[in-house]
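Each chain is listed here by its residues.
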Amino acid sequence: MRPHTIRERIICAVATMGFCLAIGPAAFAQDTSAPAPAAESPPLGAPPPTPPPAPTPAPPGYAYPPGYGYPPPGYGYPPPGYGYPPPGYGYPPQPYGYSPYGPQTPMILTGHHAHEGFYMRLGLGGGFASTSASSSRGKLSGGSLFIDMALGGSVTPNLVVYGEIVGHSILSPTYEMNGVSTTWDSTTVDLYGLGPGVAYYFMPLNLYLAGALLMQWVVLGDSNNSDVSTRLTNLGVGFNLMVGKEWWVSSDWGLGVAGAFLFGSAKDRYQDTRWNSSGFAVFLSATYN
């Protein structure tokens, strides 16, 4: 055998060292690993150990089936309709005007179906009126045409003050004196009144009571000639009372029906006597307020 060269000796040394490094850790781990402790035997006469409780089986439809990473439908989430109340039962009914943005102030239309601001009432109807002298001058009476006009304004809601002119016109009156009655054809007897008044409306009935303090006088006229008239009395004192009911036909206009009672007393212009006048009428009214 020929002697090894230096190169071959180096190769052999490196191979030997690699082999030692490969098998060295395995052998060390095998030698240093501790042996497993032997299971202890129960002492003589001791009861056998209690086995661990068996796992509770999952109810049908709720167990995780093999191969699924998520629970089946109906287990992880409540079925539809379970988590929320049915329509109409989840929340109490809200009052009228409810808003999710907080309490809201109801809108009120100022002046709509309200007795505020300017006031005008026009009336036309019919009734009965009379005027009689305190002496022996007799009495004039008969059916009358009634007119009424009032202009004013509201001082507070539903309380109105106004100026009023009111009149009864008796066509062809009956003249009575000493138990004898005659008809004055082509003659008119007009009872007039002018003065301030006040009315109050009871809402929402739209029923009102009204009264006016008047300057009152009596005029004799010719129904065939309107230019011929004679004022029978001076200015006296009277009053006019009304009760009426109106119905709204627009935002500001109302139509109604009412009754009026007129009374007045004025001194004769030519003799020392007084004429006491009275009248009652039922009329239709048109009111703007």
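For the structure, check the block above.
An account of the accompanying structure is given in this report. (Residues numbered from 1 in each chain as written. Predicted model: local features only at pLDDT ≥ 70, side-chain atom pairs only at ≥ 80, totals over all residues. Heavy atoms only, no water.)

With respect to the overall build of the protein
For the record, the criterion: Think of it this way: any DSSP run of H or I at least four residues long counts as a helix, any run of E at least two long counts as a strand, and we number them from the N terminus. Three exposure classes are used, based on accessible area relative to the maximum for each residue type with a 1.4 Å probe and protein chains only: buried under 20%, partly exposed in between, and exposed over 50%. In what follows, a contact means two residues having at least one pair of non-hydrogen atoms within 4.5 Å. Each accessible area is a Shrake-Rupley result for a 1.4 Å probe, and residues are judged covered by the shown protein chains and nothing else.
Looking only at helices and strands, the protein features 1 helix and 11 strands. Each helix and strand of the protein, ordered N terminal to C terminal, gives the series α-β-β-β-β-β-β-β-β-β-β-β. Looking at the 289 residues of the protein, the share that counts as buried comes to 28%. Put simply, of all contacts in the protein between residues at least 6 apart along the chain, 61% involve residues at least 24 apart. Per element, the accessible surface of the protein, about 20,000 Å² overall, is 67% carbon and sulfur.

Quick look at the pattern of salt bridges
Cut-off, in case you're wondering: Should a side-chain nitrogen of Lys or Arg be within 4 Å of a carboxyl oxygen of Asp or Glu, the pair is scored as a salt bridge.
Within the structure shown, the criterion is met by 2 salt bridges. For Arg121, the salt bridge is made with Glu164, and the minimal N-O distance between the two is 3.1 Å. Of this pair, Arg121 sits in strand S1 (residues 118–133) while Glu164 sits in strand S3 (residues 159–171), placing them 43 residues apart in sequence. What makes Arg121 buried here is its relative accessible area of 0%. Take Glu164: its relative accessible area is 1%, and that puts it in the buried class. Linked by salt bridges that have partners in common, Arg121, Asp148 and Glu164 make up one network.

Topic: the environment of Thr187
Here Thr187 lies in strand S6 (residues 187–202). Look at Thr187 and you get buried, because its relative accessible area is 16%. As a C-alpha pair, Thr187 and Ile170 span 17 residues in sequence and 8.4 Å in three-dimensional space. Contact partners of Thr187, with chain neighbours within four places excluded, come to Ile170, Leu171, Ser172, Pro173, Gly221 and Ser223.

Points about the packing of aromatic side chains
Our working rule: In summary, the pairing rule links any two rings of Phe, Tyr or Trp, Trp by its six-membered ring, whose centres are within 6.5 Å, and it sorts them by plane angle into stacked for under 30 degrees, edge-to-face for over 60 and tilted for everything else.
Following the criterion strictly, the structure yields 10 aromatic pairs and no others. Note on Tyr119 and Tyr201: the rings are 6.3 Å apart at their centroids and 65° apart in plane angle, and the pair reads as edge-to-face. Here Tyr119, found in strand S1, pairs with Tyr201, found in strand S6; they are 82 residues apart in sequence, far enough to count as distant. When the centroid spacing of 5.9 Å and the interplanar angle of 40° are considered together, the rings of Phe239 and Phe263 count as tilted. Of the two residues, Phe239 is situated in strand S9 (residues 236–248) and Phe263 in strand S10 (residues 253–267); the sequence distance between them amounts to 24 residues. Residue Phe263 is classed as partly exposed on the basis of its relative accessible area, which comes to 33%. Among the aromatic residues, ring-to-ring pairing joins Tyr119, Tyr162, Tyr201 and Tyr208 into one connected group.

With respect to the environment of Val166
Relative to the elements of secondary structure, Val166 occurs in strand S3. Each C-alpha atom of the pair Val166 and Ala150 lies 8.6 Å from the other, and the pair is 16 residues apart in sequence. Excluding residues within four positions of it along the chain, Val166 makes contact with Phe146, Ile147, Asp148, Leu191, Tyr192, Gly193, Leu214, Asn240 and Leu262.

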